[in-house]
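Examining the three-dimensional arrangement
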Amino acid sequence: MKLLHVHDFIAPGNSRYGLDLDRQLVERGHEVHILAGVGEMGPQDGASLEGIPCHTYPYGFKLSPYEMYRYAIEQNRERYERLQAEHGFDLVLMNQPLCAAGILEAAASRRIAKAYSFISPWPLEWKIAN
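Keep in mind that this is a model prediction, so the values were computed, not measured.

Thresholds applied
Residues numbered from 1 in each chain as written. Predicted model: local features only at pLDDT ≥ 70, side-chain atom pairs only at ≥ 80, totals over all residues. Heavy atoms only, no water. Pairing = 2+ DSSP bridges. Helix = DSSP H or I, 4+ residues; strand = E, 2+ residues; numbered from the N terminus. Contact = heavy atoms within 4.5 Å. Axes fitted to C-alpha atoms, helices over the stretch in contact; angles between N-to-C directions. Buried < 20%, exposed > 50% of the residue type's maximum accessible area, 1.4 Å probe, protein only. Arc of directions from axis to C-beta. Right-handed = clockwise from strand over helix to strand, strands pointing away. Core = buried A, V, L, I, M, F, W, Y, C linked by side-chain atoms within 4.5 Å.

**What about the sheet that holds strand 6 (residues 113–116)?**
- If you walk across this open sheet you meet the six strands as 3-4-2-1-5-6, and the pairing is mixed. Each of the sheet's edge strands pairs with one partner strand only, and the pair in question is strand 3 (48–49) and strand 6.
- Both strand 1 (residues 2–9) and strand 2 (residues 31–38) contribute to a ladder of six bridges, which runs parallel. Counterpart to Val 6 in the pairing with strand 2 is Leu 35.
- Sitting on the sheet, helix 2 (residues 65–87) touches strand 1, strand 2, strand 4 (52–58) and strand 5 (91–94), and the angle it makes with strand 4 is about 145°.
- Those strands touched by helix 3 (residues 97–105) are strand 1, strand 2, strand 5 and strand 6, and its axis lies near 135° from that of strand 1.

Listed below in structure tokens is the structure:
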């Protein structure tokens, strides 16, 4: 099965659960791709993490909250439509509402299976940690 796992943000040490899931899916014979926003330390667009192709875009750190919202949705929608046409994914895995919104807006996602998982309330985790 061909899967696209849409991460909100990916960097070394970040997204551990998602990357562990991706590795396990590959070990079980699935073709997995990652779509995510990245910072300076994240994988470049077209790079791979342990053989998993990464399709990335710069995360909008310097944008206002509204601009970031629109930017992330547009990046995920546009890239998903292109990637779906190129790869023909069977399933899209999503784990954050912001990145999921872009996928759900894409016309190409209407005829593909989708799964959404809630991993953690990271804004609350950051608030507790600080």
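**Quick word on helix 3**
- Considered for burial, the residues of helix 3 that qualify are Cys 99, Ala 100, Gly 102 and Ile 103. One face of helix 3 carries all of its buried residues, which in axial projection span an arc of 155°. Away from its buried face, by an angle of more than 90 degrees, helix 3 presents the exposed residues Pro 97 and Leu 104.
- The inward-facing, buried residues of helix 3 abut strand 1, strand 2, helix 2, strand 5 and strand 6.

**Here's the deal with the pairing of strand 5**
- Taking every second residue as pointing to the same face, both faces of strand 5 are buried, with Leu 91 and Leu 93 on one and Val 92 and Met 94 on the other.
- Note: strand 1 against strand 5, four bridges, orientation parallel. Its bridge partner lying in strand 5, Leu 4 is registered against Val 92.
- When strand 5 meets strand 6, the two strands line up parallel, connected through four bridges. Each bridged residue has a counterpart across the sheet, and for Leu 91 the counterpart in strand 6 is Ala 113.
- Handedness of the crossover joining strand 5 and strand 6 through helix 3: right-handed.

**Some points on the nonpolar core**
- Counting 19 residues, the largest nonpolar core has Leu 4, Val 6, Leu 35, Tyr 80, Val 92, Met 94 and Ile 103 as its most contacted members.
- Contributions of two or more residues to this core are made by strand 1, helix 2, strand 5 and helix 3.
- A per-element tally of this core places helix 2 first, with four residues.
- Excluding anything up to four places from it in sequence, Met 94 contacts Val 6, Ala 100, Ile 103, Leu 104, Lys 114, Ala 115, Tyr 116 and Ser 117.
- Core analysis: the next-biggest nonpolar cluster, separate from the first, contains twelve residues, Leu 3, Val 32, Ile 52 and Cys 54 among them.

Functional significance is not addressed by these values, which are geometric in nature.
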